[in-house]
Amino acid sequence: MRDFQSCLEACCLEDIGYMGGKYTWCNNHREGAIFERLDRAVVDGNWRSLFPSAIVNHDVTTVSDHIPIVVDCLPNAVGGRTNKRFRFEEMCTGHEGLEVVVKQGWEGGRGDVVCKIVGLSFDLTSWDRLVFGSVNRRLKIKHRRLGWLQQQQSSVGLGRRLTT
C-alpha cells in the first residue's frame, strides 16, 4: 500500500474518495470471506479543476467479485434533475410487439440518424412502460436492498480484511 501511495504522489494523483459500501472486492467465500477496497478512481489536479464536485459511487453487483465503481462527473445536474439514460433490456427482445415499435419509430423518425435514434429511444421507453410496467422501479428497490445487504455483510465482521 505504501508503494501505491508513493506512486500516486509521484504522479500527482489523488484518490477522490467514494460513497457507498466500504469495500469493492470480496473473495466470495462463505467462510473466511475477505473484503478489500481494491478499485479506486484517481485524478490529477487538472481533472479535479474541471469536475470539482465529481463523486464516486460504489455500486452493487450480483455477478462479480468486484463492486463496480461509477464516477459521476456532474452530480448536481441542471435543476437538480438527473438525466435518465435509455436502457434497452434483453427482456424486450422476446416480446412480439418490439419489432413493430422499432419499425414505426425508425421509419416515422425525421432527421439524421442521431435524431432517429433519440426519437426511437423515447418510443421504446413509452412502449416499455406500457408493456412491462415499473420493472425499473422494482429493480431499483432490489438493487438498494442488495447494496444494503452487501454493506451489512462487510460491516458486521462476517469477513476479514486482507491488509491493514
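Note that the coordinates shown come from a computational prediction; the quantities given were computed from them, not determined experimentally.

### Considering the pattern of salt bridges
Stage number 1. Scanning the entire structure with this criterion turns up 2 salt bridges.
Stage number 2. Its salt-bridge partner being Asp-15, residue Arg-37 comes within 3.1 Å of it at the nearest N-O pair. Note that Arg-37 is positioned in the loop between strand E3 (33-36) and strand E4 (42-44) and Asp-15 in strand E1 (residues 13-15), a separation of 22 residues in sequence.
Stage number 3. With a relative accessible area of 23%, Asp-15 lands in the partly exposed category.
Stage number 4. With a shortest N-O distance of 2.9 Å, Asp-15 and Arg-40 are connected by a salt bridge. Pair noted here: Asp-15 is in strand E1 and Arg-40 is in the loop between E3 and E4, with a separation of 25 residues, a long-range link.
Stage number 5. Overall, the relative accessible area of 24% leaves Arg-40 in the partly exposed class.
Stage number 6. Each of Asp-15, Arg-37 and Arg-40 takes part in salt bridges that share partners, so that together they form one network.

### Section: a nonpolar patch on the surface
Stage number 1. A surface patch of nonpolar side chains, amounting to about 270 Å² of accessible area, comprises Met-1, Phe-4 and Val-42.
Stage number 2. Secondary-structure assignment places Val-42 in strand E4.
Stage number 3. The exposure class assigned to Val-42 is partly exposed, which follows from its relative accessible area of 33%.

### Let's talk about the nonpolar core
Stage number 1. Cys-92, Leu-98, Val-101, Leu-120, Leu-124 and Trp-127 together form the largest nonpolar core, which totals 6 residues.
Stage number 2. Among the secondary structure elements, those contributing two or more residues to this core are helix H3 (98-108) and helix H4 (113-132).
Stage number 3. No other element matches the 3 residues that H4 contributes to this core.
Stage number 4. Apart from the residues within four sequence positions on either side, Val-101 is in contact with Leu-120, Asp-123, Leu-124 and Trp-127.

Definitions and limits used
- Residues numbered from 1 in each chain as written.
- Predicted model: local features only at pLDDT ≥ 70, side-chain atom pairs only at ≥ 80, totals over all residues.
- Heavy atoms only, no water.
- Salt bridge = Lys/Arg side-chain N within 4 Å of Asp/Glu carboxyl O.
- Helix = DSSP H or I, 4+ residues; strand = E, 2+ residues; numbered from the N terminus.
- Buried < 20%, exposed > 50% of the residue type's maximum accessible area, 1.4 Å probe, protein only.
- Patch = residues over 30% accessible without salt bridge, like charges linked within 9 Å, V, L, I, M, F, W, Y side chains within 5 Å.
- Areas by Shrake-Rupley, 256 points an atom, 1.4 Å probe, with all protein chains shown as cover.
- Core = buried A, V, L, I, M, F, W, Y, C linked by side-chain atoms within 4.5 Å.
- Contact = heavy atoms within 4.5 Å.

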